[in-house]
Amino acid sequence: MDTLKAKYLTGIANAADESALEDIRLAALGKKGEISALMATLGKMDPDQRKVRGAALNVLKDEIDAALRAKKAALADAALDARLRAEWLDVTLPARPRRVGTIHPVSQVMEELTAIFADMGFAVAEGPQVESDWYNFDALNIPPEHPARQEHDTFFMHRAPGDNRPPHVLRTHTSPVQIRALQTLGTPLRVIAPGRVYRMDMDQTHTPMFHQVEGIAIDRDISMANLKWVLEEFCRAFFEVDSVELRFRASHFPFTEPSAEVDIRCSWEGGQLKIGQGDKWMEILGSGMMHPKVLAAAGVDPSQWQGFAFGMGIDRIAMLKYGIPDLRAFFESDLRWLRHYGFAALDMPDLAGGLSA
Ligand code: PHE
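Residues numbered from 1 in each chain as written. Predicted model: local features only at pLDDT ≥ 70, side-chain atom pairs only at ≥ 80, totals over all residues. Heavy atoms only, no water.

**Student:** What should I look at first to understand the overall build of the chain in this one?
**Tutor:** Helices and strands together make up the secondary structure of the chain, namely 12 helices and 12 strands. Computed over C-alpha atoms, the radius of gyration of the chain comes to 43 Å, more than 25% over the 21 Å expected from 2.2 N^0.38 for 357 residues, which places it beyond the range of a compact globule. Principal-axis analysis of the C-alpha atoms gives the chain an extent of 135 × 60 × 40 Å. Every one of the 357 residues in the chain was classed for burial, and the buried ones make up 40%. For the chain, the share of sequence-separated contacts (at least 6 apart) that also reach a separation of at least 24 residues comes to 64%. (Helix = DSSP H or I, 4+ residues; strand = E, 2+ residues; numbered from the N terminus. Rg over C-alpha atoms; globule rule 2.2 N^0.38 Å. Buried < 20%, exposed > 50% of the residue type's maximum accessible area, 1.4 Å probe, protein only. Contact = heavy atoms within 4.5 Å.)

**Student:** Where do I start with the nonpolar core in this structure?
**Tutor:** If you look at soluble globular proteins, the nonpolar side chains tend to sit buried side by side. Formed by 47 residues in total, the largest nonpolar core has its most connected members in Leu113, Phe117, Phe234, Ile264, Phe308 and Ile317. For this core, the element with the highest residue contribution is helix H9 (residues 224-239), accounting for 7 residues. Aside from chain neighbours lying at most four places away, what touches Leu113 is Ile192, Val213, Phe234, Ile314 and Ile317. (Core = buried A, V, L, I, M, F, W, Y, C linked by side-chain atoms within 4.5 Å.)

**Student:** Looking at this structure, how should I read the site of the ligand?
**Tutor:** Near the ligand lie 14 residues; those nearest to it are His173, Ser175, Arg199, Gln212 and Gly311. In the environment of the ligand, a nitrogen atom lies 2.9 Å from a nitrogen or oxygen atom belonging to the side chain of Ser175. One nitrogen or oxygen atom from the side chain of Arg199 is found 2.9 Å from an oxygen atom belonging to the ligand. Protein burial of the ligand: of its 320 Å² of free accessible surface, 91% is covered by the chains. Mapped by element, the contributors of at least two residues to the shell around the ligand are strand E6 (209-219), strand E10 (280-290) and strand E11 (306-313). (Near = heavy atom within 4 Å. Polar contact = N/O pair within 3.5 Å; in protein donor to acceptor, adjacent residues only side chain to side chain. Areas by Shrake-Rupley, 256 points an atom, 1.4 Å probe, with all protein chains shown as cover.)

**Student:** Any chance you could explain the domain arrangement of the chain here in plain terms?
**Tutor:** Accessible area lost upon the coming together of the parts serves often as the stated size of an interface. If you check the domain split of the chain, you get domain 1 (2-86) and domain 2 (102-344). With centres defined by C-alpha atoms, the gap from domain 1 to domain 2 works out at 92 Å. (Domains from an automatic or database assignment.)

**Student:** What is the right way to look at the environment of Asp221 in this model?
**Tutor:** Turning to its location among the elements, Asp221 is positioned in the loop between E6 and H9. The spacing of Asp221 and Val177 is 44 residues in sequence and 22 Å in space, taken between C-alpha atoms. Ignoring any residue separated from it by four or fewer positions in sequence, one finds Asp221 in contact with Asn226 and Gln306.

**Student:** Whenever I open this one, the packing of aromatic side chains confuses me. Can you help?
**Tutor:** When we look at a pair of aromatic rings, we describe it by the centre distance and by the angle of the planes. Applying the stated rule across the entire model yields 12 aromatic pairs. Ring geometry for Phe117 versus Phe122: centroids 5.3 Å apart, planes at 70°, classification edge-to-face. Phe122 shares its class with Phe117; the two are buried. Judged by centre distance (5.4 Å) and plane angle (15°), the rings of Phe234 and Phe238 are stacked. Here Phe238 and Phe234 lie together in helix H9, a separation of 4 residues that amounts to about one turn. For the pair Phe234 and Phe238, one class covers both residues: buried. Through successive ring pairs, a cluster of aromatic residues spans Phe117, Phe122, Phe234, Phe238, Phe239, Phe308 and Phe310. Just above the ring of Trp305 sits the side chain of Arg220; from NZ or CZ to the centre is 4.1 Å. (Phe/Tyr/Trp six-rings, centres within 6.5 Å; stacked < 30°, edge-to-face > 60°. Lys NZ or Arg CZ within 6 Å of the ring centre and 35° of its normal.)

**Student:** I tried to follow the packing of H9 against helix H11 (residues 314-322) on my own but got confused; where do I start?
**Tutor:** Each pair of packed helices gets described by two things: the angle between the helix axes and the distance between those axes. At a closest axis distance of 11 Å, the pairing of H9 and H11 adopts a crossing angle of 50°. One element, H9, and the other, H11, form an angle in the oblique class. Contacts between H9 and H11 involve Phe234, Phe238 and Phe239 from the former and Ile317, Leu320 and Lys321 from the latter. The residue inventory of the contact of H9 with H11, partitioned by class, reads 5 nonpolar, no polar and 1 charged. (Axes fitted to C-alpha atoms, helices over the stretch in contact; angles between N-to-C directions. Parallel < 35°, antiparallel > 145°, perpendicular 65-115°, else oblique. Nonpolar A, V, L, I, M, F, W, Y, C, P; charged D, E, K, R; others polar.)

**Student:** Explain the pattern of salt bridges here, please?
**Tutor:** Two side chains with opposite charge may pair up if their charged atoms get near one another. The tally for this structure, following the rule as stated, stands at 22 salt bridges. One salt bridge connects Glu34 with Lys7, and the closest N-O pair in it is separated by 2.8 Å. With Glu34 in helix H3 (residues 34-40) and Lys7 in helix H1 (residues 2-14), this residue pair connects regions lying 27 residues apart in the sequence. For the salt bridge of Arg265 with Glu245, the shortest nitrogen-to-oxygen distance reads 2.8 Å. Taken together, the residues Arg265 in strand E8 (residues 256-269) and Glu245 in the loop between H9 and strand E7 (246-253) connect sequence positions 20 residues apart. Among the residues examined, Glu245 registers a relative accessible area of 37% and is labelled partly exposed. Taken together, the salt bridges that share partners define one network made up of Arg247, Arg249, Glu261, Asp263 and Glu283. (Salt bridge = Lys/Arg side-chain N within 4 Å of Asp/Glu carboxyl O.)

This is the structure:
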């Protein structure tokens, strides 16, 4: 029995896995196992001998059984340890940065200029991109046969056959929002209206769809001086320079009187644009005092109220600020371009934190 015990306990200790253990269990304690065979011989013994041998065999059987269980548990523990080692993960490692997309320069610039004008008390207004002929032209003192209509290279919407009303247009500028904002918000009023506009034009600096921001301020005594200050403040904040110089050039728009186009002083050296210095001038916007007929068309009494208006190309100032040479690339949806010129998705421009930081 000692030999049997030694043989099985060594076998159990050396078993490499559960199936080896099961083989040993069957060889010792299975129906045809060695211990079971010895148990079967007890019946032929005389009672005294049977008592002694039976007890000893039971002890041996229990010992082997306990050794089997212990080894089985140890094998399971070892397997778990091995798995834990293999599936180990360092939770203190910094996460890999994941791209959540980039903000298009046009969106970035819209956020920037909204922050700057909000700081000066301007709210944001919007209007439809498919606009009626009246809002886009007539209300802005551009009657049907006016030559300005041709200059706008307008896209016209279809009317149903037999419907002879003037067709709707894709708005050619953000100026119709002047009228809409006055109609819904009344006077006094300070709003900007950024958005998409459309003209049939396509070259390095023109695309059939582009962006403008309109701005109007209306009160009892608003003047060109207010316009000049607002635009200078805007340009200083937007281009993030200490000083800018603007040049107001007499011009003509049907919806402003007087009218001025505004240029900003800049320099081009080695293909690098610098704002606020140099001997070049870059046109950035059209502006003027709102025409009395425009105020009247919006239901405002021009003998009581007056205001300035300006319209600025957003894509144009984005190109200037961020050194983007070709406007067409803005609308090609090339991810490589976006990753190069785009902005982090979670950085919101604000005046205190830095606009384009
Ligand atoms: N709407 C004009 C344009 O497209 C710009 C402008 C707006 C001029 C407001 C004067 C006042 O080009």
